[in-house]
Amino acid sequence: MTGKLGPTDIPDIVAADEVPAWDRETDVIVIGQGLAGTCAALEAHRAGADVLVVERASGGGGASAMSSGIFYLGGGTEVQQACGYDDTPDEMAKFLSASCDPLDPGAVRAFADDCPDHFRWLEAQGVPFERSSYKGKAVYLLTTECLMYTGNEKVWPYSEVARPAARGHKCAGAGENAGIAAMTPLLQRCEDEGVPAIYDSAVVALIQDRDGRVVGVKVKQPGATLCIRARRAVIIAAGSHNLNPELIAQHIPEMPEIAVGLGIPSNDGMGVRLGMSAGAATSAMDGLIPTASIYPPADLIKGIIVNKLGQRFVAEDSYHGRTANFIKEQPDQKAYLIVDSEIFAYPEMTAHQHRLIDGYETIEEMEAGLALPAGSLVRTMADYNRDVSAGEDRFLHKAAEWLKPLDSGPYAAFDISFDSSIYFFITLGGIRTGVNGEALDIRGEAIPGLYAVGASAAHIPRTGKAYASGLSLGPGSYFGRRAGRHAAGANFT
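What you see is a predicted model, and the numbers here were worked out from it, not measured in a lab.

Rules and cut-offs
- Every chain is numbered on its own, with residues counted from 1 as its sequence reads.
- Only residues with pLDDT of 70 or above have their local features reported here, since the model is predicted, and side-chain atom pairs are shown and tallied only from 80 upward, although totals for entire chains, interfaces and linings are computed over all residues.
- Based on all heavy atoms of the structure, the side-chain values leave hydrogens and waters out of the count.
- Note on conventions: DSSP H or I runs of at least 4 residues are helices, E runs of at least 2 residues are strands, and numbering of each starts at the N terminus.
- What the globule rule says is 2.2 Å times the number of residues to the power 0.38, and the radius of gyration is computed from C-alpha atoms.
- Throughout, exposure labels follow a simple rule: accessible area from a 1.4 Å probe, protein chains only, divided by the maximum for the residue type, with under 20% read as buried, over 50% as exposed, and the rest as partly exposed.
- We call two residues contacting when some pair of their heavy atoms lies within 4.5 Å.
- To measure how exposed things are, a 1.4 Å probe is used in the Shrake-Rupley method; for residues, cover is taken only from the protein chains shown.
- Here a salt bridge means any side-chain nitrogen of Lys or Arg lying within 4 Å of a carboxyl oxygen belonging to Asp or Glu.
- Whether a crossover is right-handed comes down to one check: with the strands pointing away from the viewer, does the path from the first strand over the helix to the second run clockwise; if it does, it is right-handed.
- Following DSSP output, two strands are said to pair if at least two bridges run between them.
- In a helix, the anticipated span is given by 1.5 Å times the number of residues less one.
- Pairing of aromatic rings covers Phe, Tyr and Trp, the last counted by its six-membered ring, and requires centre-to-centre distances within 6.5 Å; plane angles under 30 degrees mean stacked, over 60 mean edge-to-face, and any other angle means tilted.
- Two limits define a charge over a ring: the Lys NZ or Arg CZ must be within 6 Å of the ring centre, and within 35 degrees of the ring normal.
- Working convention: axes come from line fits to C-alpha atoms, limited for helices to the stretch in contact. Angles between N-to-C directions cover 0 to 180 degrees.
- If an angle is under 35 degrees, it is roughly parallel; if it is over 145, roughly antiparallel; if it lies from 65 to 115, roughly perpendicular; otherwise it is oblique.
- It is the rotation of the near helix from the far one that decides the hand of a crossing: anticlockwise by less than a right angle makes it left-handed, clockwise makes it right-handed.
- Among buried residues, the Ala, Val, Leu, Ile, Met, Phe, Trp, Tyr and Cys ones that are joined through side-chain atoms within 4.5 Å form a nonpolar core.
- His is not counted here, nor are the chain ends, while Lys and Arg score as positive and Asp and Glu score as negative.

### Topic: the overall build of the protein chain
Along its length, the protein chain carries twelve helices and 21 strands. Its C-alpha atoms give the protein chain a radius of gyration of 24 Å, within 12% of the compact-globule value 23 Å for 493 residues. C-alpha extents for the protein chain along the principal axes are approximately 80 × 50 × 40 Å. Out of the 493 residues in the protein chain, the part that is buried amounts to 57%. The long-range fraction of contacts in the protein chain, counting pairs at least 24 apart against all pairs at least 6 apart in sequence, stands at 75%. Element-wise, carbon and sulfur atoms account for 50% of the exposed surface of the protein chain, whose accessible area totals about 18600 Å².

### Thoughts on the pattern of salt bridges
Evaluation of the coordinates by the stated rule reveals 35 salt bridges. One salt bridge in this structure joins Asp340 and Lys404, with 2.8 Å as the shortest N-O distance. Here Asp340, found in strand E15 (residues 336-340), pairs with Lys404, found in the loop between helix H11 (376-389) and strand E17 (411-415); they are 64 residues apart in sequence, far enough to count as distant. Each member of the pair, Asp340 as well as Lys404, is classed as buried.

### Observations regarding the pairing of strand E3 (residues 51-54)
In E3, alternate side chains face the same way, and those of Val51 and Val53 on one face and Leu52 and Val54 on the other are all buried. Handedness of the β-α-β unit built from strand E2 (residues 24-31), helix H1 (residues 35-46) and E3 comes out right-handed. Strand direction decides the pairing type here: E3 and strand E7 (residues 197-198), joined by two bridges, are parallel. Pairing of Val53 across the sheet is with Ala197, part of E7.

### Let's talk about helix H12 (residues 473-487)
Over its 15 residues, H12 extends 20 Å from the first C-alpha to the last, a length consistent with the 21 Å expected when each residue adds 1.5 Å. Among the 15 residues of H12, 14 are classified as buried, and the element is accordingly described as predominantly covered. Downstream of H12 by one or two residues, Gly489 has phi in the positive range, about 90°.

### Brief notes about the packing of aromatic side chains
The description of an aromatic ring pair rests on the distance of the ring centres and on the angle between the ring planes. Under the counting rule described, the total for this entry stands at twelve aromatic pairs. An angle of 80° between the planes, with centres 5.9 Å apart, marks the rings of Tyr85 and Tyr149 as edge-to-face. Taken together, the positions of Tyr85 in the loop between helix H2 (78-82) and helix H3 (89-100) and Tyr149 in the loop between strand E5 (147-148) and helix H5 (158-161) put the pair 64 residues apart, joining distant regions of the chain. Owing to a relative accessible area of 16%, Tyr85 belongs among the buried residues under this scheme. Taken together, the ring pairs in this structure connect Phe71, Phe119 and Phe129 into an aromatic cluster. Taking NZ or CZ as reference, Lys154 lies 4.7 Å from the ring centre of Tyr149, over its face.

### Quick notes on the environment of Thr380
Secondary-structure assignment places Thr380 in helix H11. Residue Thr380 is classed as buried on the basis of its relative accessible area, which comes to 14%.

### Focus: the environment of Asp12
Among the structural elements, Asp12 can be located in the segment before strand E1 (14-15). On the basis of relative accessible area, Asp12 is assigned to the partly exposed category, the value being 33%. Sequence-wise, Asp12 and Glu25 are 13 residues apart; in three dimensions their C-alpha atoms are separated by 21 Å.

### Topic: the packing of H1 against H12
Between H1 and H12, the least distance of the axes is 7 Å, while the angle of their chain directions is 30°. Considered as vectors, H1 and H12 are oriented roughly parallel to each other. Between H1 and H12 lies a crossing whose hand is right-handed. Together, Leu35, Ala36, Cys39, Ala40, Glu43 and Ala44 of H1 and Leu473, Gly476, Ser477, Gly480, Arg481, Gly484 and Arg485 of H12 make up the contact between the two elements.

### Regarding the sheet that holds strand E18 (residues 424-427)
Within the open sheet, the three strands sit side by side as E11-E18-E13. Their pairing is mixed. Looking at the sheet topology across the chains shown, the edges are occupied by strand E11 (260-261) and strand E13 (288-291). Relative to E18, E11 is paired through two bridges, and the arrangement is parallel. Counted as the bridge partner of Val260 is Phe424 from E18.

### Quick look at the sheet that holds E17
What holds strands together in a sheet is hydrogen bonding between their backbones, with the strands either parallel or antiparallel. One open sheet accounts for four strands, arranged E14-E15-E17-E16; its pairing is antiparallel. Bordering the open sheet on either side are strand E14 (304-306) and strand E16 (355-360), each of which pairs with just one other strand. Geometrically, the sheet is characterised by an average inter-axis angle of 25° between neighbouring strands, direction not taken into account. Here H11 sits on the sheet and contacts E14 and E15; the angle it forms with E14, its principal contact strand, is near 150°.

### Focus on the pairing of E13
The two faces of E13 match: Leu288 and Pro290 on one face and Ile289 and Thr291 on the other face are all buried. In terms of strand pairing, E13 meets E18 through four bridges, oriented antiparallel. What sits directly across from Pro290, in E18, is Phe425.

### Considerations on the nonpolar core
Within the largest apolar cluster, 67 residues are counted, with the highest numbers of intra-cluster contacts made by Leu96, Phe111, Phe129 and Ile235. Considering each element in turn, this core owes the most residues, nine residues, to helix H4 (residues 105-124). Dropping the residues within four chain positions of it, Phe111 is found in contact with Tyr72, Leu73, Met92, Leu96, Ile460, Gly474, Pro475, Tyr478 and Phe479.

### Here we look at unusual backbone geometry
Put simply, Tyr295 and Pro296 share a cis peptide bond, and its omega is 0°. Inspection of the secondary structure assignment puts Pro296 in the loop between E13 and E14. Following Pro296, the chain continues to Pro297 via a peptide bond in cis, the omega torsion being 0°. Secondary-structure assignment places Pro297 in the loop between E13 and E14.

### Some thoughts on the side chain of Glu367
Here Glu367 shows up in helix H10 (residues 363-369). No salt bridge forms around the buried Glu367; measuring N to O, its nearest opposite-charge neighbour Arg379 is 7.1 Å away. Once residues within four sequence positions are removed from consideration, Glu367 is found in contact with Leu372, Pro373, Ala374, Gly375, Ser376, Leu377 and Val378.

Note that every value here comes from positions in space, so none of it alone points to a role or purpose.
This is the structure:
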């Protein structure tokens, strides 16, 4: 692709024998200085490699610094033990394997086995975690409390596959963007250990030799273009494609225009497109985690969610991203939250703009007011109340703690439709990789000299139905470390 790249264009590969002279040489080049790239750079450096970080922005941190700072970690971390949770690598692996249906079960097994050690590594770098937990149901915490349930561990059928345990480890930073509390010490480690980085530097092409090995990058800076040689490897850690509307439209055409991608301006998918230019395969480019949670308050989970046919379709105690993905797939993407007078409250996350439609004295009146098929909501509510009164949601298996007959009028309906509420999202797709972050081609073969980690790589969960908060930062930091050591020629221990 010559000339200026369009938002979905794949850049041209630069042939190594066409580079007249290298402007700089190093062993390992890391593209991006978010969490995964920083961890990769640290480990490659500590394994004895000369490392250079190339960052588009004017400083490090990436989207990780803007995140809520939740790391999905388990298998018996010190925090889990201190808070009374009995978790093992086996239970964690069983849950992730069942809920995520991962492309690489071996990578999931390695992550689960190494999680306790990885948690200790993060703490050793200065990432702060309290020995505290939050017992309620929340999307994220504004306090410094650490451990909470952040996925579908307690949701059927996964609760029967693996023993539930809280695995969302929030670093001890206050506020909605607590991720800065994790990135600050990691970036400081890089500075203290002399890991060099260049900023305001956009990688616009990979450089490949005649044997297909990636041997460098072409970098555009204000007023200059550089060709930098990587004697060992290039690691792509350039973030997601959340903020590339054209790529979203191409791969997720059902996304409404009012949905809001979470990220930073450089989350335009350039990392994925660079990988594709060298022959890397992609996975789950249609995967996303949308969120417009109905909770808090948690009592709203005791309501029911129905579609335009008056039918329930998801257990209301599901992780908010699972619920949102099911809503996205309903007829006309319509969904309504139904509550009675005993649990009525307004959703507290006002940014999502779930609208109160109206109050109704009877379910029959609500059915007519929402223009649902005749008899549909009345039948759904009668079936639900009958089962709940018997102590079991036989249809969707909502957990007992959230069961209550909805029989105390008046009743209220909130519009939580995918095309009218404001759903925030991150994408899950990216470059397909091996257990050490090796970029793989369509045949599953590693592309020599190329790695991908973090949001530039395909996530363990390929759909928001399987996601848990922290499954970006947790695996991103872990596989970043593995890629850094492997690229430097060292084993991960």
